[in-house]
Amino acid sequence: MSLKQRITDDMKTAMREKDTARLGTIRLLLAAMKQKEVDERIELSDEQIVAIIDKMQKQRRDSISQYEAAARQDLADIEKAEMVVLEAYMPQQADEAEINAILDAAFATHGTTVAAMGKIMADIKPKLAGRADLSKVSALVKARIQ
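Participant: Pulling in residues and values, what's your account of the nonpolar core?
Facilitator: The biggest cluster of nonpolar side chains holds 19 residues, and the ones touching the most others in it are Ile-7, Leu-29, Met-33, Ile-53 and Tyr-89. Elements supplying a minimum of two residues to this core: helix 1 (3–17), helix 2 (20–40), helix 3 (46–69) and helix 4 (73–87). Beyond its immediate sequence surroundings of up to four residues, Met-33 is in contact with Lys-4, Ile-7, Leu-44, Ile-49 and Ile-52. Of all hydrophobic cores here, the second largest spans 16 residues; its members include Ile-102, Met-117, Ala-132 and Val-137.

In structure tokens:
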């Protein structure tokens, strides 16, 4: 079953169970997916859907930090609940050993110079998209280069 079909089925289930919080988050996700399909006139693949979910999660993380800084825990809790729903559709996260193995392979291919960082990140990004926080991976790459 494709990820898109799974999300649609989960929306129907949430509607039957009258789970309004989950339903709202799934509808936001489906709306973002539909918008991308309409804008680009394409049928989304699972990888593209994961990229959309990853972007939505990043937005939620930013919102949570802003709400907590403004002492609005009620709004931060709503965003955290949405993060839990979105997390269910993400692939299993890569562990540290797997990330290091991918980094080692990229360094072996492109070298360890600062000039090669763009090539290294371009090599790593498709392998870890949706499976690791790429900003943390980028920090790991910078640490190994310097």
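Participant: I'd like a description of the packing of helix 2 against helix 3, backed by residues and values.
Facilitator: Where helix 2 contacts helix 3, the axes come no closer than 10 Å and their chain directions differ by 125 degrees. As far as their axial angle goes, helix 3 and helix 2 are oblique. Viewed along their axes, helix 2 and helix 3 form a crossing whose handedness is right-handed. Where helix 2 approaches helix 3, its residues Leu-28, Leu-29, Ala-32, Met-33 and Lys-36 are matched on the opposing element by Ile-49, Ile-52, Ile-53, Met-56 and Arg-60. For the contact of helix 2 with helix 3, the per-class residue count stands at eight nonpolar, no polar and two charged.

Participant: So, helix 5 (residues 96–110): which residues are in play, and what are the values?
Facilitator: Because each turn of an α-helix spans 3.6 residues, side chains separated by three or four positions end up pointing in the same direction. With 15 residues, helix 5 ought to run about 21 Å at 1.5 Å a step, and its terminal C-alpha atoms sit 21 Å apart, in line with that. Inspection of helix 5 places Ile-99, Ile-102, Leu-103, Ala-106 and Phe-107 among the buried residues, and these make up the whole buried set. Each buried residue of helix 5 sits inside an arc of 135 degrees when the element is viewed along its axis, so together they form one side. The outward face of helix 5, more than 90 degrees from its buried face, is lined by the exposed residues Ala-97, Ala-108 and Thr-109. Positioned one or two residues after helix 5, Gly-111 has a phi angle of 90 degrees, which is positive.

Participant: Please set out the side chain of Glu-37 residue by residue, giving values where relevant.
Facilitator: Mapped onto the fold, Glu-37 is located in helix 2. For Glu-37, a relative accessible area of 9% translates into the label buried. Excluding anything up to four places from it in sequence, Glu-37 contacts Lys-4, Ile-42, Glu-43 and Leu-44.

Participant: Describe in detail the packing of helix 3 against helix 4, supporting the description with residues and values.
Facilitator: Across the interface, helix 3 lies against helix 4 with an axial gap of 9 Å and an inter-helix angle of 160 degrees. Judged on the interaxial angle alone, helix 4 and helix 3 are roughly antiparallel. You can see that helix 3 and helix 4 cross each other, and the crossing is left-handed. Contact residues: Ile-53, Met-56, Gln-57, Arg-60, Arg-61, Ser-63, Ile-64, Tyr-67 and Glu-68 in helix 3; Gln-73, Leu-75, Ala-76, Glu-79, Lys-80, Glu-82, Met-83, Leu-86 and Glu-87 in helix 4. A per-class count over the contact of helix 3 with helix 4 returns eight nonpolar, three polar and seven charged.

Participant: Explain the environment of Lys-80 residue by residue, including any values.
Facilitator: Note that Lys-80 resides in helix 4. Separated by 14 residues in sequence, Lys-80 and Ala-94 have C-alpha atoms that sit 22 Å apart. Among residues more than four places away in sequence, those in contact with Lys-80 are Ile-64, Glu-68 and Gln-73.

Participant: Give me the environment of Leu-30: which residues, what numbers.
Facilitator: For Leu-30, the location among the structural elements is in helix 2. Here Leu-30 falls in the buried class, since its relative accessible area comes to 17%. With 22 residues separating them along the chain, Leu-30 and Ile-52 place their C-alpha atoms 9.9 Å apart. With near-sequence residues (within four places) excluded, Leu-30 lies in contact with Ile-7, Thr-8 and Met-11.

What counts, and where the lines are drawn
Here the residue numbering is sequential within each chain, running from 1 through the sequence in written order. Since the coordinates come from a predicted model, pLDDT governs what is reported: local features require at least 70, and pairs of side-chain atoms require 80 or more to be given and counted, while whole-chain, interface and lining totals use all residues. Water and hydrogen atoms play no part in the side-chain values, which are based on all heavy atoms of the structure. Grouping buried Ala, Val, Leu, Ile, Met, Phe, Trp, Tyr and Cys residues that are joined through side-chain atoms within 4.5 Å yields what is termed a nonpolar core. A 1.4 Å probe rolled over the protein chains alone gives each residue an accessible area, and that area as a share of the maximum for its type sets the label: buried under 20%, exposed over 50%, partly exposed in between. Helix and strand assignments come from DSSP, with helices taken as H or I runs of at least 4 residues and strands as E runs of at least 2, each series counted from the N terminus. Here, residues are in contact when the closest pair of their heavy atoms is within 4.5 Å. Think of each axis as a best-fit line through the C-alpha atoms, taken over the contacting stretch in the case of a helix, with angles from 0 to 180 degrees between the N-to-C directions. When describing relative orientation, an angle under 35 degrees is termed roughly parallel and one over 145 degrees roughly antiparallel, while 65 to 115 degrees is termed roughly perpendicular and anything else oblique. By convention the crossing between two helices is left-handed if the near helix lies anticlockwise of the far one by an angle smaller than a right angle, and right-handed if it lies clockwise. Amino acids outside the nonpolar list (Ala, Val, Leu, Ile, Met, Phe, Trp, Tyr, Cys, Pro) and the charged list (Asp, Glu, Lys, Arg) are all regarded as polar, and Gly is one of them. Expected helix span is taken as 1.5 Å per residue step, with the number of steps being one fewer than the number of residues. Note: the arc covers the axis-to-C-beta directions of the helix.

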